[in-house]
Amino acid sequence: MGDCRRVGVAVDFSPCSRKAVQWAVDNLSRSGDHLILISVRPDGQYEDGEIQLWEATGSPLIPLSEFSQSHLMKKYGVSPDPETLDIVSTASRQKEIVVLLKVYYGDAREKLCESVDNIPIDCLVIGNRGLGKIKRAIMGSVSNFVVNNATCPVTVVKSQD
């Protein structure tokens, strides 16, 4: 890969993941890098044959030109928001980076850690929803799990609501 780095960003297309994407673009991405957005859809009964095939390995890497088209993204079960698309489209043009999307199906904590080695990526940026202590204890913290279990450096971008 030479000088090209693969920067992963966990996205669920929420405001906190959008902030993580913006942080990665502003602070990590440089010309020639690959910015790989990693989305994890929850376990579910998917009728679509392709999704059933991708449950173990995730989708193929999807180029920006494809995941910018909502009708194409329906087959992956993902709906990227316009703000995130604007951030990555602008970064792709201005910083000359390659933007890709990878969709996994299952538990976000486990799949994000698996993606580090499966894609592979050099570092991962993840947003933090800012759950309180009680909610974090009940629901668990995806970012905390990933920080403690991923095999690459992880940056947590805190939301400041």
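Our structure's up above, just so we're on the same page.
Attention here is on the structure that accompanies the text. Quantities reported herein were computed from a predicted structural model and do not represent experimental measurements.

Reading the values: the criteria
Residues numbered from 1 in each chain as written. Predicted model: local features only at pLDDT ≥ 70, side-chain atom pairs only at ≥ 80, totals over all residues. Heavy atoms only, no water. Helix = DSSP H or I, 4+ residues; strand = E, 2+ residues; numbered from the N terminus. Contact = heavy atoms within 4.5 Å. Pairing = 2+ DSSP bridges. Buried < 20%, exposed > 50% of the residue type's maximum accessible area, 1.4 Å probe, protein only. Salt bridge = Lys/Arg side-chain N within 4 Å of Asp/Glu carboxyl O.

Things to note about the side chain of Ser-29
Looking at the element boundaries, Ser-29 is found in the loop between helix H1 (15–27) and strand S2 (34–41). Filtering out sequence-adjacent residues up to four positions away, Ser-29 remains in contact with Arg-5, Ala-24, Leu-35, Lys-95 and Ile-97.

Describing the sheet that holds strand S3 (residues 62–63)
With mixed pairing, the six strands of this open sheet are ordered in space as S3-S4-S2-S1-S5-S6. The open sheet has two edge strands, S3 and strand S6 (154–158), and neither has a second partner. Relative to S2, strand S1 (residues 6–10) runs parallel, the two being bridged by five bridges. Across the sheet, Ala-10 pairs through a bridge with Ile-38, a residue of S2.

Concerning the environment of Val-21
Position of Val-21 relative to the elements: it lies in helix H1. The buried category is assigned to Val-21, whose relative accessible area is 0%. In the structure, Val-21 is positioned 11 residues away from Ala-10 in sequence and 8.2 Å away in space, judged by C-alpha atoms. With residues near it in sequence (within four places) discarded, Val-21 still touches Val-9, Val-11, Leu-37, Thr-84, Ile-87 and Val-88.

Examining the pattern of salt bridges
Oppositely charged side chains can form a pair if their charged atoms are brought close together. Tallied over the full model, the rule gives five salt bridges. Residues Asp-33 and Arg-5 are paired through a salt bridge, measuring 2.6 Å at the closest nitrogen-oxygen approach. Residue Asp-33 is found in the loop between H1 and S2, and its partner Arg-5 is found in the segment before S1; the two are separated by 28 residues along the sequence. Residue classification places Asp-33 among the buried positions, given a relative accessible area of 1%. Between Arg-109 and Asp-107 there is a salt bridge whose closest N-O contact spans 3.3 Å.

Honestly, it's all geometry; don't read function into it.
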